[in-house]
Amino acid sequence: MKRRYFLIGGAAAVGAGVFGVWWGDSAATARAKRMTTGAGESSFAGWLKIGHDDTVTIYSPHIDFGQGSQTALAQMLADELDADWSKVRVEQAPADYAFANTALAKLFVPTMSGHPDAMKKLPDPVFSLLARNVPLQVTGGSSAIRATGQFGMRVVGAGARLALLAAAAERLGVPESELVAASGRVTHAKSGRSLRYGELAEAAASRPMVAEPVLKVPSAYTFIGKPVDRFDIPGKVNGSAQYGIDFVLPDMRVATVMAAPVRGGKLLSVDHAPAMAVKGVEKVIALDDAVVVVASGYWPALKGARALAPKFSDGGNGAVSTASIYDAQAKLMTEGKPTKSYGKGDLAAGFATPNAKPLSAEYRVPFLHQAAMEPFALTGHHKDGKLEVWGGMQDPLQTRTLLAKFSGLSVDDVTFHPMLIGGGFGRRFPPYSQIVEQIARVAMQVDHPVKLIWSREEDVKQGAYRPQSSARLKAALGADGKIAAWQTDYAQFADAETETVFPYTVPATARHHHQYISNQVDAYWRSVNSTQHGFYNESFVDELAHLAGADPYQFRRAHLPAGGRHRAVLDAVAKRSGWGTPLPAGTGRGIALVESFGSIAAHVVEASVRADGTPQVHKVYAVVDCGTTVNPKNAEAQVQGGILMGLSSAVGEAITLTGGAVDQHSFTDYPVLKLADAPQIDVHFIDSGATIGGLGEPGLPPAAPALANALFAATGKRIRHLPIAQQLA
């Protein structure tokens, strides 16, 4: 990924030339305007249009899968625009290169390029070119607010407001300095005259947009920081919202799929006859590694698929198991050379500190499934040499590109219609979503619209999981009771360095990544690598506090800079939770602090163990510093959701392998947290004014270590392997 971005950046800066880059950006903006603007509407930079009736429409490049970011993006743009909120609407941006997300490129590309300082100096048209060439229209990485909102929507809103003021000054014949924009009107106080935005939009849109307008200071915010109601909730409550699995076309067929149970396996043979004997089944399609049954409806398709007895190879992975992966990872950390190493200070000297107290521990976490409520469902229709596909994916633009690749059609002959998603958590990134290739190949072979639905069993067994991971941590305490040296070796697919923040002040540290590649699809899971490494680091620092004979909260505090954001968050959660006050017998408190995606979160968990040996979480306190909280009500919901998902995965979730195949098949053997087991959650935000951070993911990583630490406080037993239920059994 880094090399790809760097090469694209080189092509943009060197090959295209200044004029070529500018022209490409201008052409994309003009295309966006043509695609979204009708009679009586005026477009600003493609992302905003204002109607003559004063309606303000904002186009979101981020899909909706329950995170509420579309409303927050509207708040950010509308605030800078000084819009009338009652006139504001949000629509999904088309899956077209004209709506490639330049703001995401500005957030991610500098770091990924390996040349952040140089890349940050590039002008916006270059980032726009990068975004179009990737192509980039991702929803993930807690990036909507901190990238699209901050670098995109606020800038467009402020630029449009300046254009409206200039148009009003010209029409009224007064200096701009005498005009005030508010609630969708520009007013000249001296004369008492005012003009609606709808009256000014056409003239304003013809003016060049100011590239770097001055943005509002927090004291001037009108909508940012306010708990406004989300646009998406009414439709989801009354049932009018349409998800990919809901979509229907006239004369549509429905298909389902069975893929090789062992990842890497291929379809060797299949007798179509048993499926074709099922009433309603019309066709059986053999793919390279799967078999698809097409029928008049889902149930005959599923019945037909279950009637088949396809033979698959195991791709040489028939001996892979959960145990064999852990063994291989252990061997890799013991005998292998690290793929990448990071750190600072003299580690050997730190471990050789006089009277040092050493400690080492091994941690393990399993594959995790995203367990979204809506299984995969995409509808495709190939007609007259063109392919249309409807459904929910986390990058609509890249989905369109891949559909063109797998169908053999030109991108211009493929249309992807983004829809609501019933949960994603990283599962619906197109490169890891087998259904994209499947629907392209199936639609090209069916003479009707066809909806491909994965069964729940297929969804669980053919997932793109959070990687199974192992870690060895060792540290030494100096005579002063502080950490003198810390070393982490970990084995997993991805290098976690760029997203895992180690907040503590330690003189010497080392982190060694040993890349391990399994036969599974190692992909994204909510909070990505911060979930594993948050558990490792915050569990181990708790063990060090115990070794030092120190209070876990005070021990952490002693290793954080005075006056810093991390210490402020830690102090706040300790205070809110009543840290140090008595608890009922058998109940313990645990604390954890993790920075991820630009935000700092600390949790305190109160928990005990039931008579049957299962953990019970009574209450969770969370304090989060995300810089600025755009919508406090939705922000609270995001943190609550992250906590519940973190607790659920820590307590009982695990994808395990036997004979190379996944053991689990549904919620019966992949248990997620139930409402009856959900604890009380207290969430508090610190608006520090720091650079704005994400919120969809940072609430999750501290949950598992805080719970594990609470259970140690309650029982004296350390939890080093997840899920917890298996360790307490």
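Preceding block: the structure.
The rules behind the values
- Residues numbered from 1 in each chain as written.
- Predicted model: local features only at pLDDT ≥ 70, side-chain atom pairs only at ≥ 80, totals over all residues.
- Heavy atoms only, no water.
- Salt bridge = Lys/Arg side-chain N within 4 Å of Asp/Glu carboxyl O.
- Helix = DSSP H or I, 4+ residues; strand = E, 2+ residues; numbered from the N terminus.
- Buried < 20%, exposed > 50% of the residue type's maximum accessible area, 1.4 Å probe, protein only.
- 1 Å grid on protein atoms, 1.4 Å probe; cavity = no way out; pocket = protein on both sides within 12 Å on 5 of 7 lines; lining within 4 Å.
- Points joined across faces, edges and corners; volume = space filled by probe spheres on them.
- Nonpolar A, V, L, I, M, F, W, Y, C, P; charged D, E, K, R; others polar.
- Pairing = 2+ DSSP bridges.
- Axes fitted to C-alpha atoms, helices over the stretch in contact; angles between N-to-C directions.
- Phe/Tyr/Trp six-rings, centres within 6.5 Å; stacked < 30°, edge-to-face > 60°.
- Lys NZ or Arg CZ within 6 Å of the ring centre and 35° of its normal.

Caption draft 1: Spotlight on the pattern of salt bridges. Scanning the entire structure with this criterion turns up 36 salt bridges. Between Arg253 and Asp251 there is a salt bridge whose closest N-O contact spans 3.0 Å. Between Asp542 and Arg556 there is a salt bridge whose closest N-O contact spans 2.9 Å. Here Asp542, found in helix H16 (residues 529-548), pairs with Arg556, found in helix H17 (residues 552-558); they are 14 residues apart in sequence, far enough to count as distant. For Arg556, a relative accessible area of 0% gives the class buried. Among the charged side chains, a salt-bridge network with shared partners connects Asp64, Arg230, Asp232 and Lys236.

Caption draft 2: Looking closely at empty space enclosed by the protein. Applying the stated criterion across every chain, the model contains seven cavities of 30 Å³ or more. When its volume is computed, the largest cavity comes out at roughly 130 Å³. Around the largest cavity sit Trp486, Thr488, Tyr490, Ala496, Glu497, Thr500, Phe502, Thr509, Arg511, His533 and Asn537, which together line it. Listed by contribution, the elements that provide at least two residues to the lining of the largest cavity are strand S21 (483-492), strand S22 (508-515) and H16. Top element by residues in the lining of the largest cavity is S21. It accounts for three residues. Grouping the amino acids of the lining of the largest cavity by side-chain chemistry returns four nonpolar, five polar and two charged. What the second largest cavity holds in volume is close to 70 Å³.

Caption draft 3: How the structure looks around the sheet that holds strand S4 (residues 88-92). Here we have four strands laid out as an open sheet, ordered S1-S2-S3-S4, and mixed in their pairing. A single partner strand is all that each edge strand has here, and the edge strands are strand S1 (41-44) and S4. Strand-to-strand, the axes of this sheet are offset by a mean angle of 25 degrees, without reference to chain direction.

Caption draft 4: Spotlight on the packing of aromatic side chains. With the rule as written, the count across this model stands at 17 aromatic pairs. Geometrically, the ring pair formed by Tyr298 and Trp299 is edge-to-face, given 5.1 Å between the ring centres and 65 degrees between the ring planes. A relative accessible area of 63% places Trp299 in the exposed class. Where Tyr363 meets Phe535, the ring centres are 5.8 Å apart and the plane angle is 85 degrees; that geometry is what we call edge-to-face. Highlighted residues: Tyr363 in strand S14 (residues 357-365) and Phe535 in helix H16, separated in sequence by 172 residues. Residue Phe535 is classed as buried on the basis of its relative accessible area, which comes to 0%. Taken together, the ring pairs in this structure connect Trp486, Phe502, Tyr504 and Phe540 into an aromatic cluster. Lying over the aromatic face of Phe351, Lys474 brings its terminal NZ or CZ to 5.2 Å of the ring centre.

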